[in-house]
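Notes for the structure review
Now for the letters of each chain:
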Amino acid sequence: MTTEEQFEIFSECCDELKNSKIIIADAKVSKLLRSIVSSPSLVDIVGEALVGYNFDTEFNKCIETSADGTTTISLPSEPHKIIALVFSLLSEFDSHRMDLQEFILSYFKSENLTKSFKLFNTQLIDALRENLSNWIGIGKSEEQKATLDLEQTIETPDTPPIEPTTTEADSPDKLFADLKIIFEQIKETINTDVRVKQETKDDLNITIEALLETLRLKNFKILNALLISLNNMIANIKSTKYYHQEMQTRLAKFYENFI
């Protein structure tokens with residue numbers, strides 16, 4: 001599937017969310033997230049945007065309070081921060097750490113909930129779609145794409161690459177090998193758990209297959225992006241609790257050795 005075809009699926013999911021009723025918006029948010037994490041091109045962009053990104057800090061920077069106490073969201077100017085912010089928010093809604101309707105009522109106040117939901121989609125979902133489209137370069141000439149790539153390189157924070165120690169026990173290859181076993185254990189556990197809905201199993205299988213492919217590619221950026229989705233999806237599934245903790249412990253051990 002081409003990048004353009006992957007983006008088209010994502011764009012259709014954006015439209016589905018925008019055209020849905022607020023009462024079923026949670027399901028549309030989940031579908032929108034799946035369209036991102038199942039797209040190698042999109043998850044690569046999101047992964048790059050999430051490098052060094054602190055959601056709590058950046059989200060608080062975006063909150064503006066007027067004299068009458070009304071709170072609104074003001075998006076950052078940098079494209080990579082917009083992508084990281086909206087993706088992180090969607091992940092928060094999908095994991096139910098943040099309530100979508102409560103969020104909309106808090107930051108997109110309007111005459112009624114329907115209009116507030118429309119504002120949410122216009123300001124956040126449209127912004128995510130536009131910035132992903134621009135980043136990919138859909139509809140742009142080769143010269144414009146080259147210019148955009150240069151601009152994005154300039155806008156990306158100057159964060160030096162973090163190099164791990166090279167001890168055999170904690171080398172990237174050893175980490176990937178251990179994570180492969182853990183992901184496969186999670187997948188097997190999910191597929192045999194009768195308490196997990198089939199739709200959830202399908203979503204998890206897509207995400208885990210993408211993670212396994214990421215391990216084969218040895219791409220930390222995509223791995224970090226996909227791990228956010230996996231953590232959200234299995235957070236409340238009791239049968240995966242042990243493997244979830246094992247995964248977190250293994251990652252923490254590895255990153256302790258980074259400079």
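Residues numbered from 1 in each chain as written. Predicted model: local features only at pLDDT ≥ 70, side-chain atom pairs only at ≥ 80, totals over all residues. Heavy atoms only, no water.

Take the overall build of the chain next. If you tally the helices and strands in the chain, you get 12 helices and two strands. Here the chain, with 259 residues, has 44% of them falling under the buried criterion. In the chain, the proportion of contacts linking residues at least 24 apart, taken out of those at least 6 apart, comes to 67%. Total accessible area computed for the chain in this model is approximately 14000 Å², and 52% of it derives from carbon and sulfur atoms. (Helix = DSSP H or I, 4+ residues; strand = E, 2+ residues; numbered from the N terminus. Buried < 20%, exposed > 50% of the residue type's maximum accessible area, 1.4 Å probe, protein only. Contact = heavy atoms within 4.5 Å. Areas by Shrake-Rupley, 256 points an atom, 1.4 Å probe, with all protein chains shown as cover.)

Considering all chains together, one arrives at 12 aromatic pairs under this definition. Put simply, the rings of Phe 55, Phe 59, Phe 93, Phe 103, Tyr 107, Phe 108, Phe 117 and Phe 120 touch in pairs and so form one group of aromatic residues. (Phe/Tyr/Trp six-rings, centres within 6.5 Å; stacked < 30°, edge-to-face > 60°.)

Moving on, we come to the pattern of salt bridges. By the definition in use, this model includes 19 salt bridges. Lys 187 serves as the salt-bridge partner of Glu 209, at 2.4 Å between the closest nitrogen and oxygen. With Glu 209 in helix 10 (residues 198-217) and Lys 187 in helix 9 (residues 172-192), the pair connects residues that are 22 residues apart, well separated along the chain. Classification of Glu 209 by relative accessible area gives partly exposed; the value is 34%. (Salt bridge = Lys/Arg side-chain N within 4 Å of Asp/Glu carboxyl O.)

Our focus in this paragraph is the layout of surface pockets. Its boundaries defined by the atoms lining it, the second largest pocket holds a volume of some 610 Å³. Together, 26 residues line the second largest pocket, and Asp 94, His 96, Thr 200, Asn 232 and Met 233 are the ones closest to its centre. Sorting the residues of the lining of the second largest pocket by element identifies helix 2 (25-37), helix 5 (79-94), helix 10 and helix 11 (220-234) as the ones contributing at least two each. Counting residues per element, the lining of the second largest pocket draws most heavily on helix 2, which supplies seven residues. (1 Å grid on protein atoms, 1.4 Å probe; cavity = no way out; pocket = protein on both sides within 12 Å on 5 of 7 lines; lining within 4 Å. Points joined across faces, edges and corners; volume = space filled by probe spheres on them.)

What follows deals with the packing of helix 9 against helix 11. Look at helix 9 against helix 11: their axes get within 14 Å of each other, and the N-to-C directions meet at 30°. As summarised for this structure, helix 9 and helix 11 are arranged roughly parallel, according to the angle between their axes. Like other packed secondary-structure pairs, helix 9 and helix 11 cross with a definite hand, here left-handed. Taking contact as the criterion, the partners of Pro 172, Leu 175, Phe 176, Leu 179, Phe 183 and Ile 186 in helix 9 are, on helix 11, Phe 220, Leu 223, Leu 227, Leu 230 and Ile 234. Residues that form the contact of helix 9 with helix 11 fall into these classes: 11 nonpolar, no polar and no charged. (Axes fitted to C-alpha atoms, helices over the stretch in contact; angles between N-to-C directions. Parallel < 35°, antiparallel > 145°, perpendicular 65-115°, else oblique. Left-handed = near helix turned anticlockwise from the far one by under 90°. Nonpolar A, V, L, I, M, F, W, Y, C, P; charged D, E, K, R; others polar.)

The next subject is the confidence of the model for the chain. For the chain, the mean per-residue pLDDT works out to 83, and 86% of the residues sit at or above 70. In this model, residues 141-166 is a region of pLDDT below 50 whose contacts with residues beyond four sequence positions or in other chains number 23 contacts. (pLDDT = per-residue confidence, 0-100.)

Here we take up the environment of Ser 30. Relative to the helices and strands, Ser 30 resides in helix 2. Sequence separation between Ser 30 and Asp 94 is 64 residues; the distance between their C-alpha atoms is 5.8 Å. At 2.3 Å, the side chain of Ser 30 forms a polar contact with the side chain of Asp 94. (Polar contact = N/O pair within 3.5 Å; in protein donor to acceptor, adjacent residues only side chain to side chain.)

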